[in-house]
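Residues per chain, in single letters:
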There are 2 protein chains.
Amino acid sequence: MKSLGQQIVVDYHKCNPEILNDVAAVKRAMREAALKAGATIVTEAFHLFNPYGVSGAIIIAESHLAIHTWPEFGYAAVDLFTCGDEVDPAVAFEHLKQALEAEEFTAMEMKRGIMNSHGLRFDSHKPAPALAAAVA
Amino acid sequence: MKSLGQQIVVDYHKCNPEILNDVAAVKRAMREAALKAGATIVTEAFHLFNPYGVSGAIIIAESHLAIHTWPEFGYAAVDLFTCGDEVDPAVAFEHLKQALEAEEFTAMEMKRGIMNSHGLRFDSHKPAPALAAAVA
């Protein structure tokens, strides 16, 4: 089925806990994952928690990559959401697997915004004059 | 099953396209959703695309909320990822449904980082001396 976006939801296990607790290393791994996948980085937000754990998201022109780490469990929850055919989230997945030194993972692939032949599943019936004017 | 986090994956349809293309309105709706759900906002990143569409993520102390909008389809893809028992992502879901004026939606609820009685599904076998020292 065609869709606007695709999303890989990954749980990385048995990661290197020191990497998971290093906000600079996590940010670098996420940025590299985005670029290797062919994405264009737009903006980002990362945070190191007290006593430990990193959360962050990178907004890419083609959607986003997000990560949350639990160093005490060697665990990281990652979402790789992309749209278009030019970015391959599987490349980002592989890069992060190596960068976090994950020995195990579980992953799920989802399509977001499923399209039918007329457009989306639900056709909007609301007028959008301002938007139409802005686009015209 | 117990888990470290929970995630609601929502596709909002038949939204108000003008709201979906207003980065200030989308950011406000996301911030309100986070606060109403009981979350603590840590940092955020939002972007308005040319010709239209908004992407953004809010890092909360309890994980993240992310959104991507396609005003031309009246569609928004939202992820509400929280951890702990004190934040209710369902409250964020309801708030965004109203704020985006979504008439239809599809949603899925997932658990992230499933715990068994010993901890996570995979016990880390890697030593973490630096982490242990930092925590001590």
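Per chain, the residues get numbers from 1 upward, laid out in the order the sequence is written. As they are written, the chains are lettered A onward and the ligands numbered 1 onward, keeping that order. This being a predicted model, a pLDDT of at least 70 is required before a residue's local features are given, and a value of 80 or more before pairs of side-chain atoms are given or counted; all residues contribute to the totals for chains, interfaces and linings. Where side-chain values are given, they derive from all heavy atoms of the structure, hydrogens and water being excluded.

**Considering the side chain of His 95 of chain A**
So, step 1. Runs of E in the DSSP output that reach at least two residues are strands. Runs of H or I that reach at least four are helices, and both are numbered from the N terminus. Looking at where His 95 of chain A falls in the secondary structure, it is placed in helix 3 (residues 89-99).
So, step 2. Throughout, a contact is declared for two residues whenever any of their heavy atoms are within 4.5 Å. In contact with His 95 of chain A, not counting residues within four places along its chain, are Ala 29, Glu 32, Ala 33 and Lys 36 of chain A.

**Concerning the packing of aromatic side chains**
So, step 1. Any two of the Phe, Tyr and Trp rings considered here, Trp counted by its six-membered ring, make a pair once their centres fall within 6.5 Å; the pair's planes then place it as stacked at under 30 degrees, edge-to-face at over 60, or tilted in between. Summed over all chains, the structure comprises 6 aromatic pairs over all chains.
So, step 2. Measuring from ring centre to ring centre gives 4.9 Å for Phe 93 of chain A and Phe 105 of chain A, while their planes differ by 70 degrees; the resulting arrangement is edge-to-face. Of this pair, Phe 93 of chain A sits in helix 3 while Phe 105 of chain A sits in strand 6 (residues 104-116); the two residues are 12 residues apart in sequence, bridging distant segments of the chain.
So, step 3. Their ring planes at 10 degrees and their centres at 5.8 Å tell us that Tyr 12 of chain B and Phe 93 of chain B sit as a pair that is stacked. You can see Tyr 12 of chain B sitting in strand 1 (residues 3-13) and its partner Phe 93 of chain B sitting in helix 3 (residues 89-99), a full 81 residues away along the chain.
So, step 4. The cut-offs for exposure are 20% and 50% of the maximum accessible area for each residue type, with area from a 1.4 Å probe on protein chains only; residues under the lower value are buried, those over the upper are exposed, and the others partly exposed. Overall, Phe 93 of chain B belongs to the buried group, its relative accessible area being 10%.

**Examining the side chain of Ser 63 of chain A**
So, step 1. If you trace the backbone, Ser 63 of chain A turns up in strand 4 (residues 63-70).
So, step 2. Leaving out residues up to four positions away in the same chain, Ser 63 of chain A has contacts with Ile 58, Phe 81, Thr 82 and Cys 83 of chain A together with His 68 and Trp 70 of chain B.

**Quick word on the state of the cysteines**
So, step 1. Disulfides are defined as pairs of cysteine sulfur atoms found within 2.5 Å of each other. By the definition in use, this model includes 0 disulfides over all chains.
So, step 2. Of the cysteine sulfurs around Cys 15 of chain A, a residue in no disulfide, the closest is that of Cys 83 of chain B, at 16 Å.

**A look at unusual backbone geometry**
So, step 1. In this structure, the amide linkage connecting Asn 50 of chain A to the following residue, Pro 51 of chain A, adopts the cis form with an omega of 10 degrees.
So, step 2. Within the secondary structure, Pro 51 of chain A is located in the loop between strand 2 (41-48) and strand 3 (54-60).
So, step 3. Of note, Lys 14 of chain B is a non-glycine position whose phi angle comes to about 55 degrees, a positive value.
So, step 4. Residue placement: Lys 14 of chain B occurs in the loop between strand 1 and helix 1 (17-20).
So, step 5. Positive phi is not limited to glycine here, since Ser 63 of chain B has a value of about 120 degrees.

**Considering helix 2 (residues 23-36) of chain B**
All names here are of chain B.
So, step 1. For helix 2, spanning 14 residues, the distance from its first C-alpha to its last is 20 Å, which sits close to the expected 20 Å at 1.5 Å a residue.
So, step 2. For helix 2, the complete set of buried residues consists of Ala 25, Val 26, Ala 29, Met 30, Ala 33 and Ala 34.
So, step 3. Residues of helix 2 that are buried sit in contact with helix 1, strand 2 (41-48), strand 3 (54-60), strand 4 (63-70) and helix 3.
So, step 4. N or O atoms closer than or at 3.5 Å make up a polar contact, with two conditions inside protein: a donor-capable atom paired with an acceptor-capable one, and, for residues adjacent in sequence, both atoms drawn from side chains. Where helix 2 begins, the side chain of Asp 22 points an oxygen toward the backbone nitrogen of Ala 24, at a separation of 3.1 Å. Helix span is expected to be 1.5 Å times the residue number reduced by one.

**What about helix 3 of chain A?**
Structurally, the α-helix is built with 3.6 residues per turn, so residues lying three or four positions apart point the same way.
All names here are of chain A.
So, step 1. Residues Pro 89, Ala 92, Phe 93, His 95 and Leu 96 constitute the buried set of helix 3.
So, step 2. Considering only its buried residues, helix 3 is in contact with strand 1 (3-13), helix 2 (23-36), strand 5 (75-83) and strand 6.
So, step 3. Taking the backbone nitrogen of Ala 90 as reference, a side-chain oxygen 3.0 Å away marks Asp 88 as the first, capping residue of helix 3.

**Comments concerning the pattern of salt bridges**
So, step 1. In the sections that follow, a salt bridge refers to a side-chain nitrogen of Lys or Arg positioned within 4 Å of a carboxyl oxygen of Asp or Glu. According to the stated counting rule, one finds 8 salt bridges over all chains in the structure shown.
So, step 2. The partner of Glu 44 of chain A in a salt bridge is Arg 31 of chain A, with the nearest N and O atoms 2.6 Å apart. Taken together, the residues span a long stretch of sequence, with Glu 44 of chain A in strand 2 and Arg 31 of chain A in helix 2 at a distance of 13 residues.
So, step 3. It is possible to trace a salt-bridge network through shared partners that takes in Asp 11 and Asp 79 of chain A together with Arg 112 of chain B.

**Considerations on the confidence of the model for chain A**
So, step 1. Per-residue pLDDT for chain A has a mean of 89; in total, 85% of the residues score no lower than 70.
So, step 2. In the predicted complex, the global pTM is 0.88; the interface-specific ipTM is 0.86. Looking at any residue, its pLDDT shows the predictor's confidence there, from 0 to 100.

**A short note on the environment of Pro 51 of chain B**
So, step 1. Owing to a relative accessible area of 59%, Pro 51 of chain B belongs among the exposed residues under this scheme.
So, step 2. A C-alpha to C-alpha distance of 32 Å links Pro 51 of chain B and Thr 40 of chain B, two positions 11 residues apart in sequence.

**Things to note about the pairing of strand 5 of chain A**
Residue and element names in this part refer to chain A.
So, step 1. The element strand 5 is extensively covered by neighbouring structure, given that 9 of its 9 residues are classed as buried.
So, step 2. Residues Tyr 75, Ala 77, Asp 79, Phe 81 and Cys 83 point to one face of strand 5 and Ala 76, Val 78, Leu 80 and Thr 82 to the other, with burial holding for every one of them.
So, step 3. Two strands make a pair as long as DSSP finds a minimum of two bridges between them. Bridge analysis of strand 1 against strand 5 gives 8 bridges, and the strand direction is antiparallel. Residue Tyr 12 lies in a different strand from strand 5, and its bridge partner there is Ala 76.
So, step 4. Connecting the antiparallel pair strand 4 and strand 5 is a turn made up of 4 residues, with Gly 74 showing a positive phi of about 65 degrees.

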